[in-house]
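What follows is each chain in one-letter form.
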Amino acid sequence: MEYSNLRRQTIFMKKNLFDQGFLDEQFNQLEELQDESSPNFVEEVVDLFFKDSSRLLTNIEQAIDKYPQDFYRLDSLVHQFKGSGSSIGALRVKNECSVFKAHCNDRSLEGCRRSFQKIKREHATLKQKLESYFQLLRQVGPREHAVSSRK
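Residues numbered from 1 in each chain as written. Predicted model: local features only at pLDDT ≥ 70, side-chain atom pairs only at ≥ 80, totals over all residues. Heavy atoms only, no water.

Peer 1: For this particular structure, what's the right way to read the nonpolar core?
Peer 2: In summary, soluble globular proteins display a tendency toward joint burial of nonpolar side chains. The biggest cluster of nonpolar side chains holds 35 residues, and the ones touching the most others in it are F27, F100, L126 and L130. Residues in contact with F27, not counting those within four places in the same chain, are K14, F18, V42, V46, I88, G89, L130, Y133 and F134. (Core = buried A, V, L, I, M, F, W, Y, C linked by side-chain atoms within 4.5 Å. Buried < 20%, exposed > 50% of the residue type's maximum accessible area, 1.4 Å probe, protein only. Contact = heavy atoms within 4.5 Å.)

Laid out in structure tokens, this is it:
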């Protein structure tokens, strides 16, 4: 009974991440790559994303402070961040990166700053939500690490 309840909670949590626009189909594709030989594959990929993305966020923040008119540099850094987010299906992060890049094209430093604050909030929110999701998956155990909730 406990397993069944945890499994339902996991499915519901993942569905909410999709319904609220935090994740896209790329996350499902990652889960499809997970198997018995690498039961924590998705969690490991996501952990790598958050470690790398924290470094990228610092680089973007430093570039905004040190090179505020170098929109090519800012665009390039955010492009890299967007690609990393896309690789795990971080839809809201990816979308806000597109907004940031549009501000770079418009040469709007204020727009870039506002958008960067949104990127950081989306990143932090996604990290918290995925940490909760993976914690619940660990409670469910290895039998159900890839939870299907196709829409």
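Peer 1: Just to check I follow, could you spell out the UniProt feature "domain: HPt" (unreviewed entry) in the chain for this structure?
Peer 2: Per the UniProt annotation, the sites labelled "domain: HPt" (unreviewed entry) are residues 38–133. Segment residues 38–133 splits into 88% helix and 0% strand. End C-alpha atoms: 18 Å apart. (UniProt positions renumbered as here; feature names shortened; annotations may be inferred. Helix = DSSP H or I, 4+ residues; strand = E, 2+ residues; numbered from the N terminus.)

Peer 1: Where do I start with the UniProt feature "modified residue: Phosphohistidine" (unreviewed entry) in the chain in this structure?
Peer 2: Mapped onto the present numbering, the UniProt feature "modified residue: Phosphohistidine" (unreviewed entry) falls on H79. Relative to the assigned elements, H79 resides in helix α4 (residues 71–88). Judged by its relative accessible area of 48%, H79 is partly exposed.

Peer 1: Can you walk me through the packing of α4 against helix α6 (residues 109–140) in this structure?
Peer 2: Geometrically, a packed helix pair is captured by the angle between its two axes and the distance between the axes. Here α4 crosses α6 at 20°, and the two axes come no closer than 13 Å. In terms of orientation, α4 lies roughly parallel with respect to α6. When you trace α4 past α6, the crossing you get is left-handed. Mapping the contact onto sequence places F71, F81 and I88 in α4 and L109, C112, I119, H123, L126 and L130 in α6. (Axes fitted to C-alpha atoms, helices over the stretch in contact; angles between N-to-C directions. Parallel < 35°, antiparallel > 145°, perpendicular 65-115°, else oblique. Left-handed = near helix turned anticlockwise from the far one by under 90°.)

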